Amino acid sequence: MKVTLEELARHLGAELHGDGQLEIHRVNTLDKAGPGDIAFLSDAKYRHLLDSTRASAVIVRADDVPFCPAASLVMTDPYLGFALAAQRLDTTPQPAVDIHATAVLAEDVTLGEGVAIGANAVIESGVELGDGVVIGPGCFVGKNSKLGARSRLWANVTLYHNVTLGSDCLVQSGTVIGADGFGYANNKGEWVKIPQLGGVLIGNRVEIGACTTIDRGALEDTRINDNVIIDNQCQIAHNVEIGYGTAVAGGTIMAGSLKVGKYCIIGGASVFNGHMEICDQVTITGMAMVMRPITEPGVYSSGIPLQSNKEWRKTAARVLRIDEMHKRLSRLEKQSDKKD
């Protein structure tokens, strides 16, 4: 794929400095770029790399133009420019083209214009696929599920029954949406399954990574709102709600009936207790254990940072003695108060 620098400037809404007829083939880093590549500089501490870059053009801020030996596209946010340029020059193939002869579709499936369905995909009764939907090979879409326009499923994605996926969504391979939530009653030591009767409602422009699971609701729906991004291998339990614009990094586990607000950033391998609420604009650093509600925006962390094994063993030994140390400190404080 190729595009002229002038065309790319229009796509990015950038100010062009240099030859607009230069042909750009791909995006690359400043130190690895060569002729036909466009690079970007979003952090001034890497400005020295401009001296040796072989890129045909660089996306920069206005302050960096005098230091740029190549053609430049000037933007307030070069990293956003990088993302938009990468989209324009994207060579990722579609999960499927046309409707493969081995795909199995129920008679009453509703197909929009330009739908593509890969080999061995199964689309059950009552499913609605909007215009431009792409279903990869080996996918399963259960009864009465709906996919909005231009949404894409990569290979071997499973959507159970009564799952709604909005428009312009992307679901990576191996993800399961709508499996049963973990609902059981205990009858004298015997587990009694509670049928999970809700669905999963996913908004528009949502991206879900590979091998992530999103469980259906017990009675009401599990809800993922618009513009949410979820990384690989996450577990979203029944009746969780994730607010607009929230980002969830890989390996995160959310227990049932958790409500996460808007514009939150969840670090990888974090664990959330269920039946509580996280307010808007909260950042959780990686590997945090969130056991209580959060009511104020801000950055929250937990866990012990990495130490040498020798240091960690001392820390662990001291942690085990915290209760004893607390009691001793309380006694000393009382004795001190009596003397005063």
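Data block above holds the structure.
First things first, this report covers the structure right here in the doc. Keep in mind that this is a model prediction, so the values were computed, not measured. (Residues numbered from 1 in each chain as written. Predicted model: local features only at pLDDT ≥ 70, side-chain atom pairs only at ≥ 80, totals over all residues. Heavy atoms only, no water.)

**Some words on the overall build of the protein chain**
Next up, step 1: Counting secondary structure elements, the protein chain contains four helices and 38 strands.
Next up, step 2: By the compact-globule yardstick of 20 Å for 340 residues, the protein chain is too spread out, its C-alpha radius of gyration being 26 Å.
Next up, step 3: Considered along the principal axes of its C-alpha atoms, the protein chain spans approximately 85 × 65 × 35 Å.
Next up, step 4: Residues counted as buried form 38% of the 340 residues belonging to the protein chain.
Next up, step 5: Within the protein chain, contacts between residues at least 6 apart in sequence are counted, and of these 18% link residues at least 24 apart.
Next up, step 6: Of the accessible surface of the protein chain, which amounts to about 19000 Å², a share of 52% is contributed by carbon and sulfur atoms.
Next up, step 7: Averaging the coordinates of the 32 positive side-chain charges in the protein chain and doing the same for the 39 negative ones gives two points 13 Å apart. (Helix = DSSP H or I, 4+ residues; strand = E, 2+ residues; numbered from the N terminus. Rg over C-alpha atoms; globule rule 2.2 N^0.38 Å. Buried < 20%, exposed > 50% of the residue type's maximum accessible area, 1.4 Å probe, protein only. Contact = heavy atoms within 4.5 Å. Areas by Shrake-Rupley, 256 points an atom, 1.4 Å probe, with all protein chains shown as cover. Lys, Arg positive; Asp, Glu negative; His and termini not counted. Charge placed at Lys NZ, Arg CZ, Asp CG, Glu CD.)

**Some details on the packing of helix H1 (residues 5-12) against helix H2 (residues 78-88)**
Next up, step 1: Here H1 crosses H2 at 120°, and the two axes come no closer than 10 Å. For the element pair H1 / H2, the angle class is oblique. Considering the relative orientation of H1 and H2, their crossing is right-handed. Between H1 and H2, the contacting residues are Leu8, His11 and Leu12 on the first element and Gly81, Leu84, Ala85 and Arg88 on the second. (Axes fitted to C-alpha atoms, helices over the stretch in contact; angles between N-to-C directions. Parallel < 35°, antiparallel > 145°, perpendicular 65-115°, else oblique. Left-handed = near helix turned anticlockwise from the far one by under 90°.)

**Notes on H2**
Next up, step 1: All of the buried residues along H2 are Pro78, Gly81 and Ala85. Buried residues along H2 cover an arc of 45° about the axis, so they all sit on one side.
Next up, step 2: Check the buried side of H2 and you find it contacts H1, strand S4 (26-27), strand S5 (37-40) and strand S6 (57-60).
Next up, step 3: The backbone nitrogen of tyrosine 79 has a side-chain oxygen 3.2 Å away, supplied by the residue at the start of H2, namely aspartate 77. (Arc of directions from axis to C-beta. Polar contact = N/O pair within 3.5 Å; in protein donor to acceptor, adjacent residues only side chain to side chain.)

**Observations concerning the packing of aromatic side chains**
Next up, step 1: Taken as a whole and assessed by the stated rule, the structure comprises six aromatic pairs.
Next up, step 2: Their ring planes at 45° and their centres at 5.5 Å tell us that tyrosine 79 and phenylalanine 82 sit as a pair that is tilted. Pair noted here: tyrosine 79 and phenylalanine 82 are both in helix H2, with a separation of three residues, about one helical turn.
Next up, step 3: By relative accessible area, which is 49% here, tyrosine 79 ends up partly exposed.
Next up, step 4: Ring centres of phenylalanine 182 and tyrosine 184 lie 5.4 Å apart, and the angle between their planes is 70°; on these two criteria the pair is classed as edge-to-face.
Next up, step 5: Owing to a relative accessible area of 71%, phenylalanine 182 belongs among the exposed residues under this scheme.
Next up, step 6: Counting every residue linked through ring pairs, the aromatic cluster contains Phe40, Tyr79 and Phe82. (Phe/Tyr/Trp six-rings, centres within 6.5 Å; stacked < 30°, edge-to-face > 60°.)

**Thoughts on the side chain of arginine 216**
Next up, step 1: By the secondary structure assignment, arginine 216 is in the loop between strand S25 (213-215) and strand S26 (222-224).
Next up, step 2: For the buried arginine 216, which has no salt bridge, the nearest side chain bearing the opposite charge is aspartate 180, at an N-O separation of 4.9 Å.
Next up, step 3: Engagement of the side chain of arginine 216 in a polar contact is seen with the backbone oxygen of histidine 161, the distance being 2.7 Å.
Next up, step 4: A distance of 2.6 Å separates a polar atom in the side chain of arginine 216 from the backbone oxygen of glycine 178. (Salt bridge = Lys/Arg side-chain N within 4 Å of Asp/Glu carboxyl O.)

**Let's talk about the pairing of S6**
A regular strand places its side chains so that they alternate between the two faces of the sheet.
Next up, step 1: The two faces of S6 match: Ala57 and Ile59 on one face and Val58 and Val60 on the other face are all buried.
Next up, step 2: Taken together, the three bridges between S5 and S6 define a ladder with parallel strand orientation. Bridge pairing in S6 links alanine 39 to valine 58.
Next up, step 3: Here S6 runs beside strand S7 (residues 71-74); their pairing, made up of four bridges, is parallel. Looking across to S7, one finds that isoleucine 59 is bridged to leucine 73. (Pairing = 2+ DSSP bridges.)

**Structural notes on the sheet that holds strand S19 (residues 170-171)**
Next up, step 1: Sheet architecture is open: 10 strands sit in the order S10-S13-S16-S19-S24-S27-S30-S33-S36-S38, paired in parallel fashion. Each having just a single partner strand, strand S10 (116-117) and strand S38 (298-300) make up the two edges of the open sheet.
Next up, step 2: Where strand S30 (residues 247-248) lies against strand S33 (residues 265-266), two bridges are found, and the strand directions are parallel. The residue bridging alanine 247 from the neighbouring strand is isoleucine 265, located in S33.

**Observations regarding the nonpolar core**
Next up, step 1: Core analysis: the largest hydrophobic core is formed by 49 residues, its most contacted members being Ile135, Leu153, Ile202, Met254 and Ile278.
Next up, step 2: Not counting the four nearest positions on each side in its chain, leucine 153 is found in contact with Pro95, Val134, Ile135, Gly136, Cys139, Val141, Leu147, Leu159, Leu165 and Val171.
Next up, step 3: Among the nonpolar cores identified, the runner-up in size contains 16 residues, and Ala14, Ile38, Ala71 and Met75 belong to it. (Core = buried A, V, L, I, M, F, W, Y, C linked by side-chain atoms within 4.5 Å.)

**Quick notes on the sheet that holds S25**
Next up, step 1: Here we have 10 strands laid out as an open sheet, ordered S8-S11-S14-S17-S20-S25-S28-S31-S34-S37, and parallel in their pairing. A single partner strand is all that each edge strand has here, and the edge strands are strand S8 (104-105) and strand S37 (289-290).
Next up, step 2: Where S8 lies against strand S11 (residues 122-123), two bridges are found, and the strand directions are parallel. The partner of valine 104 across the bridge, within S11, is valine 122.

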